[in-house]
Amino acid sequence: MGFREDALRARQAGLAAARAGRPATACPRFNDPRLTAAWVRGYAAAARPEQ
């Protein structure tokens, strides 16, 4: 699997974690810091209040 697919899955996992009410500290440990960034972006997108 390539990086793009991994990043998409990490972002979707971050979205799911935020929607489930898990804390941001529940971020899994990725070997690639770019995947951690993708997870955090997903989490932030779901946790952001609607405007």
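The following refers to the structure shown. Quick caveat: nothing in here was measured; it's all calculated off a predicted structure.

As for the overall build of the protein chain
Then step 1. Along its length, the protein chain carries 2 helices and 0 strands.
Then step 2. Relative to the 2.2 N^0.38 estimate, which gives 10 Å for 51 residues, the radius of gyration of the protein chain is 11 Å and therefore close to what a compact globule would have.
Then step 3. Across its three principal axes, the protein chain shows a C-alpha extent of roughly 35 × 20 × 15 Å.
Then step 4. Burial statistics for the protein chain: of 51 residues in total, 25% are counted as buried.
Then step 5. Considering only contacts within the protein chain whose residues lie at least 6 apart along the sequence, 65% involve residues at least 24 apart.
Then step 6. For the protein chain, the distance from the average site of its 9 positive side-chain charges to the average site of its 4 negative ones is 4 Å.

Here we look at the packing of aromatic side chains
Then step 1. Under the counting rule described, the total for this entry stands at 1 aromatic pair.
Then step 2. When the ring of W39 is compared with that of Y43, the centres are 5.4 Å apart and the planes differ by 20°; the resulting orientation is stacked. Of the two residues, W39 and Y43 both sit in helix 2 (residues 33-47), 4 residues apart, roughly one turn of that helix.
Then step 3. Using a relative accessible area of 2% as the deciding quantity, one classes W39 as buried.

Side note on the environment of A13
Then step 1. The residue A13 is located in helix 1 (residues 3-19) in this model.
Then step 2. Among the residues examined, A13 registers a relative accessible area of 34% and is labelled partly exposed.
Then step 3. Considering only alpha carbons, one finds A13 and F30, 17 residues apart in sequence, at a separation of 12 Å.

A look at the packing of helix 1 against helix 2
Then step 1. The interhelical angle for the contact between helix 1 and helix 2, taken along N-to-C directions, is 35°, at an axis separation of 7 Å. Between helix 1 and helix 2 the crossing geometry is right-handed. Here helix 1 contributes F3, D6, A7, A10, R11, A13, G14, L15, A17, A18 and R19 to the contact with helix 2, which in turn contributes R34, L35, A38, W39, G42, Y43, A45, A46 and A47.
Then step 2. Within the contact of helix 1 with helix 2, the residues separate by chemical class into 14 nonpolar, 2 polar and 4 charged.

What counts and what doesn't
- Residues numbered from 1 in each chain as written.
- Predicted model: local features only at pLDDT ≥ 70, side-chain atom pairs only at ≥ 80, totals over all residues.
- Heavy atoms only, no water.
- Helix = DSSP H or I, 4+ residues; strand = E, 2+ residues; numbered from the N terminus.
- Rg over C-alpha atoms; globule rule 2.2 N^0.38 Å.
- Buried < 20%, exposed > 50% of the residue type's maximum accessible area, 1.4 Å probe, protein only.
- Contact = heavy atoms within 4.5 Å.
- Lys, Arg positive; Asp, Glu negative; His and termini not counted.
- Charge placed at Lys NZ, Arg CZ, Asp CG, Glu CD.
- Phe/Tyr/Trp six-rings, centres within 6.5 Å; stacked < 30°, edge-to-face > 60°.
- Axes fitted to C-alpha atoms, helices over the stretch in contact; angles between N-to-C directions.
- Left-handed = near helix turned anticlockwise from the far one by under 90°.
- Nonpolar A, V, L, I, M, F, W, Y, C, P; charged D, E, K, R; others polar.

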